[in-house]
Amino acid sequence: MKSRKYFVYDVFTDTALSGNPLGVVVDCEGLDAAAMQRIAREFNLSESVFLLPPDNPRHRARIRIFTPDYEMPFAGHPTVGSAIALAEQAGDDGTAGMFVLEENVGPVRCAVSKGRGATFAEFDLPKLPEQLSLSADSAALGAALGLPAHEIGFENHRPGLWSAGVPYVTVPVASLDAAARVRFDNASWMELAPSKGEGLAASAYVYCRDTVHHDSAFHARMFVPGNPSYEDPATGSAAAAFSGVILHFDSQVDGSGRYWIEQGIEMGRPSSIRLEIDVEAGRMQRARIGGHAVKVAEGVLYA
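First, a word on scope: everything that follows refers to the structure included in this document. Please read these numbers as outputs of a predicted model, since none were measured by experiment.

If you walk through the whole model with that rule in mind, you get 10 aromatic pairs. On the numbers, 5.7 Å between centres and 80° between planes, the contact of Phe154 with Tyr207 is edge-to-face. With a gap of 53 residues between them, Phe154 in the loop between helix 3 (138-145) and strand 10 (160-163) and Tyr207 in strand 14 (residues 203-208) connect regions that are remote in the sequence. An identical accessibility class is assigned to Phe154 and Tyr207; each is buried. Pairwise contacts between aromatic rings join Phe154, Tyr205, Tyr207, Phe218 and Phe242 into one cluster. Arg60 extends its terminal NZ or CZ atom over the ring of Phe99, reaching a point 4.4 Å from the ring centre.

What follows is the structure, encoded as C-alpha cells:
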C-alpha cells in the first residue's frame, strides 16, 4: 500500500462549490487500470484523473480519465482541471504555461494562465468534430426528454450526432423554458440513442440560444444515460463536439470566433465553458476549450 496525494477541483468555474468537481490523483505509478477504476468508484465523481509520467519526456504528464464505471479516451473538465493542478503544484506563475498532456485520444496541447482570480486553462481539440448518422427523429427525442416535438429545434438548428472524440446527440430546444422543463427518460433514451461503444449509449446535449447570462452565447444541459442516469454540470467534450454544430448551422465567418456556454444552472452548479473556433475558407482549422478551476479539497489516498 502506498500513500498518494489527491486534490478535488471544481472546474469550469471561478467559484468553489459550483462547476464540475474533479478528483486528481498524483504519483500514480504502480496503479493498474483496475485499481484506478476502483479509486474512481470510491470518489464517485463524474470523472477522476490519474497523473502518470509521460511517455514522451518533452510532455508534462500522461493522464488517464475514469468515470465510476469506465475509462474515457478524452474529456474536457479533466483536461482543464489536470492542467491547472499540474501548473499549481509545480508553482508555475502561469504567464506562459504551455505544455502537452498525453491522453488516450492522443497528445493534447494546454495553456495555463493566472491573473488576479482563479487559474484559467485551455486546450486545443485533439480531434476536430465530425457529424455522424442519427436515425432518431425530433418526436422521439422530444418524448425521451419530456418535450413535445414542436419545441425541438430553433431557427435552422436540428438534432444531430456529433463527435470530437466522444459522441453526443445534440438537441436544440426552442427556449430557456423548454430547457428547464426537460425530464430525462433514461429507458426511452437508451432505446433510441446510438452506441458510443462498449455497450454505452451516447449522451444527450440539450441547448438553446436563449441564455441566463448576457455574456453567454448558448445555454446547455447534458444528460448521461445509464443505471443510474445523471446530469453533468459542465461538459468540455460535449462543447468540443458542439463546435461542429455551431459551424454547421451558424456559418461562422473566417477568423476566430469566441463563445461562452453556460451549463449546470438548473442543477445549482453554474458553469461557464469558453469555446474558440478558428475558421479559414469556411472550414474549421482549430478549436479550443477553456475555463477556470479552483481547488476545494486535498488529502492522502492509501492505495
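Here the focus is the nonpolar core. Counting 61 residues, the largest nonpolar core has Tyr205, Tyr207 and Ile289 as its most contacted members. Element by element, the count of residues in this core is highest for helix 6 (residues 236-250), at nine residues. In contact with Tyr205, other than residues within four places in its own chain, are Tyr168, Val169, Thr170, Val171, Ala220, Arg221, Met222, Ala238, Ala239, Phe242, Ile261 and Gln263. Of all hydrophobic cores here, the second largest spans 23 residues; its members include Leu145, Ala193, Val206 and Cys208.

All right, on to the pattern of salt bridges then. A full pass over the atoms with the stated rule returns 19 salt bridges. The closest approach of N and O atoms between Asp27 and Lys2, which form a salt bridge, is 3.1 Å. Residue Asp27 is found in the loop between strand 2 (20-25) and helix 1 (33-43), and its partner Lys2 is found in the segment before strand 1 (3-11); the two are separated by 25 residues along the sequence. With relative accessibility at 37%, the residue Asp27 sits in the partly exposed group. The structure contains a network of salt bridges with shared partners spanning Glu122, Arg258, Arg274, Glu276, Asp278, Glu280, Arg286 and Arg288.

What counts and what doesn't
- Residues numbered from 1 in each chain as written.
- Predicted model: local features only at pLDDT ≥ 70, side-chain atom pairs only at ≥ 80, totals over all residues.
- Heavy atoms only, no water.
- Phe/Tyr/Trp six-rings, centres within 6.5 Å; stacked < 30°, edge-to-face > 60°.
- Helix = DSSP H or I, 4+ residues; strand = E, 2+ residues; numbered from the N terminus.
- Buried < 20%, exposed > 50% of the residue type's maximum accessible area, 1.4 Å probe, protein only.
- Lys NZ or Arg CZ within 6 Å of the ring centre and 35° of its normal.
- Core = buried A, V, L, I, M, F, W, Y, C linked by side-chain atoms within 4.5 Å.
- Contact = heavy atoms within 4.5 Å.
- Salt bridge = Lys/Arg side-chain N within 4 Å of Asp/Glu carboxyl O.

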